There are 2 protein chains.
Amino acid sequence: MKTRDRILQTSLQLFNDYGEPRITTNHIADEMDISPGNLYYHFRNKDEIISLLFQQFERQMNAALQAPERRVPNMEDMWLYLHLVFENIWEYRFFYRDLDNILSRNKKLRTHFRRILERKVNTAAAICKGLVEAGVMHATPEEIAALAQNIAVIATYWLNFQSTRASAARSNDSDSNNLALGVYQVLSLVAPFLIDEARELLRQLSREYLT
Amino acid sequence: MKTRDRILQTSLQLFNDYGEPRITTNHIADEMDISPGNLYYHFRNKDEIISLLFQQFERQMNAALQAPERRVPNMEDMWLYLHLVFENIWEYRFFYRDLDNILSRNKKLRTHFRRILERKVNTAAAICKGLVEAGVMHATPEEIAALAQNIAVIATYWLNFQSTRASAARSNDSDSNNLALGVYQVLSLVAPFLIDEARELLRQLSREYLT
DNA sequence: GTCTATATAGGGATAGAC
DNA sequence: GTCTATCCCTATATAGAC
């Protein structure tokens, strides 16, 4: 594996584990057993590392958000789809942990991240509209507008909320369950607008996927 | 006004405007036209300033969260009550902007903030339960559990979400409206579980308070 | 590509005079 | 209570040898 890629990989792991602000370029070099000078041969500065990681994240997130835009999804589609979104956030969670801080240092990142948020809201609204038209959901346009925003907020901050709320140290065990919990929380936003059969389906899914 | 209080006041303002990580003790002293040494006469370190500000915040927030625990509130009670919570968060928003970062440096703060989150969830659940018993709301215990958590997430992160999402610089104008918007978003979580009259009341309130 | 050595800058914090 | 001067430390980043 090329040094450049190892730097990215190591940075991502350290950022996720300890938070981006606390991890210096020296820490990254130390962890890899290379010299700080070597790191700066591969990257102009720390910001370039972060930007590269963001590009990876953005690519994956766009792919994830694209999937359901074609057809009206059923409940299980939505569950799996949301899980993909949460997995993505989890993989690059350092970003969400210090969102304001990181975005305030890089205008391009700010713009791109904003675009992702917009897309989240719009995708959520589009899906809801599709469900209404398919007769699976009952909601006014105003209700859908508010709902779509709430979906985006929960999908964006759920993992933050959980890690702040959790008292124990971040155990690997609770992680995967937290993702499923996030999916459940988002779908429980939608549930009250659904017809009975769809609601029953959701109940089954949560029994199946939630440990 | 005593220097000590001016330090707290100035710190709060600078933290809110630029983010706590970017504001050094020197910045604070500069802004006040006092020397860094003087600042350190009044506070052992930056962390002590933050802790004091947190105490102020915690006191106000506890007062705000206490109010509705006595009796079942009507819709307008809830609107005003939520607005108080949002005002509080807004006043100490620097805290929410770099939550993980700040809490990771101070164990006591972490504990206390966690307590506030717990209380938010519990208060929300208690209110919902009261509404169900009063016959204004229809929801199962499982629905209430999920709903209470979603309420807490939106109430905690809505302002973050809005400021990240907004493209323009933080204008003073949009602020107060954002608070009302947050209240609306939270109440729109509850709305689908309410009986028709209560829902209609909410619609009226949002027309009244939302510009 | 990688290393060692080092420059530069800034933040946190203290000592001691006034 | 307040100031000036200063120390220590750490982080980013570069220069130049190998």
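Predicted model only: the values in this text are computed from it and were never measured.

A. Representation of the protein's contact with DNA strand D in the model. Taken together, 15 residues lie near DNA strand D, and Thr24, Thr25 and Asn45 of chain A together with Thr3 and Ser35 of chain B sit nearest. With respect to DNA strand D, the side chain of Thr25 of chain A contributes an N or O atom lying 3.0 Å from a phosphate oxygen. In this structure, Asn38 of chain B approaches DNA strand D through a side-chain N or O atom, which is 3.0 Å from a sugar or linking oxygen. Mapped onto the surface near DNA strand D, the elements with two or more residues apiece are α2 (25-32) and α3 (36-42) of chain A together with α3 (36-42) of chain B. The element best represented in the surface near DNA strand D is α3 of chain B, accounting for 4 residues. A per-class count over the surface near DNA strand D returns 3 nonpolar, 10 polar and 2 charged.

B. Region of interest: the protein's contact with DNA strand C. Near DNA strand C there are 16 residues, and of these Thr3 and Ser35 of chain A together with Thr24, Thr25 and Tyr40 of chain B occur at the shortest range. Among all atoms of DNA strand C positioned within 4 Å of the protein, those belonging to sugar or phosphate total 76%. Measuring from a sugar or linking oxygen of DNA strand C, one finds a side-chain N or O atom of Asn38 of chain A at 3.0 Å. The separation between a phosphate oxygen of DNA strand C and a polar side-chain atom of His42 of chain A is 3.0 Å. Secondary-structure elements contributing two or more residues to the surface near DNA strand C are α3 of chain A together with α2 (25-32) and α3 of chain B. Grouping the amino acids of the surface near DNA strand C by side-chain chemistry returns 3 nonpolar, 10 polar and 3 charged.

C. Looking closely at the relation of the copies chain B and chain A. Of the two same-sequence chains, chain B is brought onto chain A (RMSD 0.0 Å, axial shift 0.0 Å) by a rotation of 180 degrees. The symmetry that links the two subunits is that of a two-fold axis. Interface residue correspondence from chain B to chain A reaches 100%, placing this contact among same-surface, isologous pairings.

D. Structural detail: the side chain of Asn101 of chain B. Inspection of the secondary structure puts Asn101 of chain B in helix α7 (residues 99-104). Residues in contact with Asn101 of chain B, not counting those within four places in the same chain, are Pro21, Asp98 and Asn101 of chain A together with Pro21 of chain B.

E. Representation of the packing of helix α5 (residues 75-91) of chain B against helix α9 (residues 141-165) of chain B in the model. Residue and element names in this part refer to chain B. Two elements in contact, α5 and α9, have axes separated by 10 Å at closest approach and are oriented at 45 degrees. Between α5 and α9, the crossing angle belongs to the class labelled oblique. Helix-helix and strand crossings are classified by hand; for α5 and α9 the assignment is right-handed. The segment α5 lies against α9, with Phe86, Ile89 and Trp90 engaging Ile154, Ala155, Thr156, Trp158 and Leu159. Counted by class, the contact of α5 with α9 contains 7 nonpolar, 1 polar and no charged residues.

F. Spotlight on the domain arrangement of chain A. Residue and element names in this part refer to chain A. Taken domain by domain, chain A holds domain 1 (3-42) and domain 2 (47-207). The C-alpha-based centres of domain 1 and domain 2 are spaced at 29 Å. Counting residues at the interface gives 15 residues for domain 1 and 16 residues for domain 2. Taken together, the two surfaces of domain 1 and domain 2 that pack against each other cover about 1200 Å², and 60% of this comes from carbon and sulfur. Of all residues in domain 1, Leu8, Asn16 and Glu20 bury the most surface against domain 2, accounting for 45% of the area lost on that side. Here Glu20 ties to Arg105 by a salt bridge, and the two come within 2.9 Å at their closest N and O atoms. Inspection of the domain 1/domain 2 interface yields 5 residue pairs in polar contact (both at pLDDT 80 or more). Elements that contribute at least two residues to the side of domain 1 that touches domain 2 include exactly α1 (3-18) and α3. Examining the composition of the side of domain 1 that touches domain 2, we find that 9 residues originate from one element, α1, more than from any other. In terms of residue class, the side of domain 1 that touches domain 2 is made up of 8 nonpolar, 4 polar and 3 charged.

G. Focus on the interface of chain B and chain A. In this assembly, 40 residues from chain B lie in contact with 40 residues from chain A. Both sides together, the interface formed by chain B and chain A hides about 3700 Å², and carbon and sulfur atoms give 50% of it. The interface formed by chain B and chain A holds 4 salt bridges in total. One salt bridge in this structure joins Glu118 of chain B and Arg165 of chain A, with 2.7 Å as the shortest N-O distance. Where chain B touches chain A, the interface holds 20 residue pairs in polar contact (both at pLDDT 80 or more). Within the residue set of the side of chain B that touches chain A, elements represented by two or more residues are α7, α8 (107-133), α9 and α10 (172-190) of chain B. No other element matches α9 of chain B, which puts 15 residues into the side of chain B that touches chain A. Residue composition of the side of chain B that touches chain A, by class: 18 nonpolar, 11 polar and 11 charged.

Cut-off values and rules
Residues numbered from 1 in each chain as written. Chains lettered and ligands numbered in written order. Predicted model: local features only at pLDDT ≥ 70, side-chain atom pairs only at ≥ 80, totals over all residues. Heavy atoms only, no water. Near = heavy atom within 4 Å. Polar contact = N/O pair within 3.5 Å; in protein donor to acceptor, adjacent residues only side chain to side chain. Helix = DSSP H or I, 4+ residues; strand = E, 2+ residues; numbered from the N terminus. Nonpolar A, V, L, I, M, F, W, Y, C, P; charged D, E, K, R; others polar. Least-squares fit on C-alpha atoms with pLDDT ≥ 70 in both. Contact = heavy atoms within 4.5 Å. Axes fitted to C-alpha atoms, helices over the stretch in contact; angles between N-to-C directions. Parallel < 35°, antiparallel > 145°, perpendicular 65-115°, else oblique. Left-handed = near helix turned anticlockwise from the far one by under 90°. Domains from an automatic or database assignment. Buried area = accessible area lost by both parts, 1.4 Å probe. Salt bridge = Lys/Arg side-chain N within 4 Å of Asp/Glu carboxyl O.

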